[in-house]
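Observations on the three-dimensional arrangement
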Amino acid sequence: MMELLPSWRERFSPEFVLSVVFFIPYFVLLLFCGFPLFFMETALGQYTSEGGVTAWRKICPMFQGVGIASHVILAYVSISFIVIPAWALFYLFNSFKSPLPWSTCDNVWNTEACITRLSRYANPHLFKPNSSWSFLFNNTTPDYSDSSDTNRALSVSDSMSLTQIRWDLALCLLLAWIICYFCIFKGIKYTGKVVYFTATFPYLMLIIFFIRGITLPGSAEGLKYYLMPGFYKLFEPYVWYDAATQVIFSHPVCIGVLTSLGSYNKYNNNCYRDCMALCCLNIATCFFAGLVVFSLLGFMAAQMEVTVDDVVGGGIGLAFVQLPEILAMLPGSVFWALLFFFSLVLLTLDAQFVCLESLATAITGMFPRLLRRPYGREILVVVIAVVCFLLGLPFVSEGGLIHFTVMDMYGTSAVIMVTIAFFETVVIGWVYGADRFIDNIEDMIGYKPNPVLKYCWLFITPLICVVSLLGAIARDHTGIIHYYSLNVWHKLLGGLLILIPLMCIPVFILIRLCKNPSNMTTPSSDLCQARPHKPVLTLCKRVVSGAQRQRQPNRSLVDTSEKIMMGEPSGVGDH
């Protein structure tokens with residue numbers, strides 16, 4: 001469900017990312033970077049029947065650190081991302097009030113600079129300094145959709161104190177974690193039943209909002225803005241950089257999720273077909289969601305007598321400022337607000353289910369004898385939820401939005417993601433062997449995938465990752481978030497967030513070198529090889545890497561029975 005999430009990442013240019021022209025570089029890079037990574041990680045999990053850490057250990061022991069690094073990022077996401085459904089719950093509860101709190105100036109948090117809907121009609125020049133009207137941003141701000149000095153929901157203040165917890169938001173965060181726990185603690189089969197509702201309901205809401213949106217006055221201008229090509233922007237290099245990083249972020253690659261979820265597939269499942277279908281669904285959903293958003297933005301621009309370009313914005317403001325304000329303009333605003341925020345809660349919690357499930361799967365795979373026992377999973381999920389909740393409290397403190405954005409900007413930065421993507425393709429393509437991996441896939445699905453994938457793993461995708469990494473390093477970082485300049489401690493914290501996952505790769509190479517230098521790249525004997533005597537990598541009919549001696553499988557029946565008992569993938573019976 002990652003593809004349904006709005007573009008709340010403010011590292012991109014919203015006026016371009018939220019336009020149909022963006023789909024041209026996005027689609028090209030999806031073909032040569034996104035899909036090869038998406039399919040590779042899913043097939044790796046299905047082939048090894050292991051989580052996102054132990055799968056890399058079995059494929060190539062010296063690069064276990066790639067799996068560790070990806071799960072460090074997954075831990076970052078699990079801690080910070082759930083703050084978004086907490087904010088959505090906060091808005092949902094306040095949506096039961098009529099009139100909606102963010103549509104009036106009669107609240108205790110409003111300042112003298114507050115502007116109501118009526119005064120907005122009287123003065124269409126809303127975009128002036130010292131104007132403020134939203135529930136989200138409640139003090140002086142030079143732009144209605146961007147930032148402010150103090151916030152009602154997101155708690156930006158001058159003190160920026162970590163000890164000043166907003167307890168109403170903290171309770172919403174606690175409720176979000178409680179919902180997550182009871183939806184996944186029984187395992188993947190139980191979670192799958194929950195996802196039938198949480199994954200399909202937002203699509204129904206998209207259709208409803210699309211029908212309502214296109215019937216509103218001004219929606220045609222919004223759709224025209226969205227669909228009108230601006231091909232000159234394709235010649236700007238950072239447009240392609242944004243597309244490459246957005247492909248990685250919109251498909252949950254490089255964080256171990258796909259490998260962990262793929263491990264639950266049966267050995268002969270056609271994961272190639274499934275991955276193609278999911279990627280097509282992803283891009284189709286993004287396009288349709290754009291139609292919905294811009295039909296509503298066109299209505300907002302018409303009501304405020306400004307151009308669509310003036311109301312287009314990205315980041316947190318899109319979901320928690322512009323869209324709520326648009327809903328407040330509609331007849332029956334309470335109904336539409338409840339519908340929207342209920343959908344947003346389901347949507348974001350659904351993504352959190354995936355993160356928490358994948359993290360639990362990876363940790364269980366690392367400590368099987370300890371955790372694959374009765375109530376082991378339930379206890380593990382409780383521990384993860386409690387730890388992540390406590391670590392997430394700074395995001396609901398005074399200045400929580402700043403802390404959240406620092407985690408998002410640095411903890412899941414493009415530098416980390418493309419570096420991990422580069423090592424993943426190098427390990428599969430060159431170390432383990434692209435030909436051997438394709439033979440493994442053929443053994444699973446019954447036919448060879450498109451041969452272009454081999455050259456993507458070997459050359460194209462790593463090259464895209466290197467170019468994207470250079471673009472990420474060269475890109476100007478102002479260190480200003482919502483008009484707040486990051487201090488030295490924020491920057492040191494950001495550097496540490498980047499360094500921790502990246503250091504996992506060389507550290508685990510050194511550990512393996514010290515422990516067993518003679519077995520650095522030999523795959524686990526547990527893995528079945530369809531053609532053990534065939535070269536693992538050939539180019540232009542020349543052998544680059546010859547066949548490796550394959551030992552007979554020696555699987556532990558005890559571990560297998562424990563894994564089946566816990567509802568985990570076994571990797572044995574399915575083979």
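Higher on the page you've got the structure.
The following refers to the structure shown. Predicted model, so just to flag it, every value in this text is computed and none were measured.

Along the backbone of the protein chain there are 22 helices and 4 strands. Looking at the protein chain as a whole, 60% of its 575 residues are labelled buried. Taking the contacts inside the protein chain whose residues are at least 6 apart along the sequence as the reference set, 79% of them involve residues at least 24 apart. Of the roughly 23400 Å² of accessible surface on the protein chain, a fraction of 67% belongs to carbon and sulfur atoms.

The subject of this paragraph is helix α17 (residues 376-392). Its 17 residues give α17 an end-to-end C-alpha distance of 24 Å, which sits within 8% of 24 Å, the value for a rise of 1.5 Å per residue. Buried within α17 we find Gly-376, Arg-377, Glu-378, Leu-380, Val-381, Ile-384, Ala-385, Cys-388, Phe-389 and Gly-392. Elements in contact with the buried residues of α17: α4 (64-80), α7 (167-184), α15 (333-366) and α16 (368-371).

Here we take up the pairing of strand β4 (residues 542-545). In the case of a regular strand, side chains alternate between the two sheet surfaces. With 3 bridges connecting them, strand β3 (residues 537-539) and β4 associate as antiparallel partners. Within β4, the position partnered with Leu-539 by the bridge is Arg-542.

Moving on to the nonpolar core. Taken as a class, soluble globular proteins show a tendency for nonpolar side chains to be buried jointly. Of all hydrophobic cores here, the largest spans 169 residues; its most connected members are Phe-39 and Phe-320. Looking at this core element by element, the count peaks at 18 residues for α15.

On to the environment of Leu-338, then. Following the sequence through the fold, Leu-338 ends up in helix α15. A sequence separation of 247 residues divides Leu-338 from Tyr-91, and the C-alpha atoms of the two residues are 8.6 Å apart. Non-local contacts of Leu-338, meaning those with residues more than four positions away in its chain, are made with Leu-92, Ser-95 and Phe-96.

One side chain can pair with another of opposite charge once the charged atoms of both are near each other. Evaluation of the coordinates by the stated rule reveals 11 salt bridges. Between Asp-439 and Arg-531 there is a salt bridge; the shortest N-O distance is 3.3 Å. Within this pair, whereas Asp-439 is found in helix α19 (residues 414-445), its partner Arg-531 is found in the loop between α21 (488-515) and β3, the two being separated by 92 residues in sequence. Of the residues examined, Asp-439 reaches a relative accessible area of 3% and is grouped as buried. Residues joined by salt bridges that share partners form a network here, namely Asp-439, Glu-442, Lys-448, Arg-531 and Lys-534.

The rules behind these values
Residues numbered from 1 in each chain as written. Predicted model: local features only at pLDDT ≥ 70, side-chain atom pairs only at ≥ 80, totals over all residues. Heavy atoms only, no water. Helix = DSSP H or I, 4+ residues; strand = E, 2+ residues; numbered from the N terminus. Buried < 20%, exposed > 50% of the residue type's maximum accessible area, 1.4 Å probe, protein only. Contact = heavy atoms within 4.5 Å. Areas by Shrake-Rupley, 256 points an atom, 1.4 Å probe, with all protein chains shown as cover. Expected span 1.5 Å × (residues − 1). Pairing = 2+ DSSP bridges. Core = buried A, V, L, I, M, F, W, Y, C linked by side-chain atoms within 4.5 Å. Salt bridge = Lys/Arg side-chain N within 4 Å of Asp/Glu carboxyl O.

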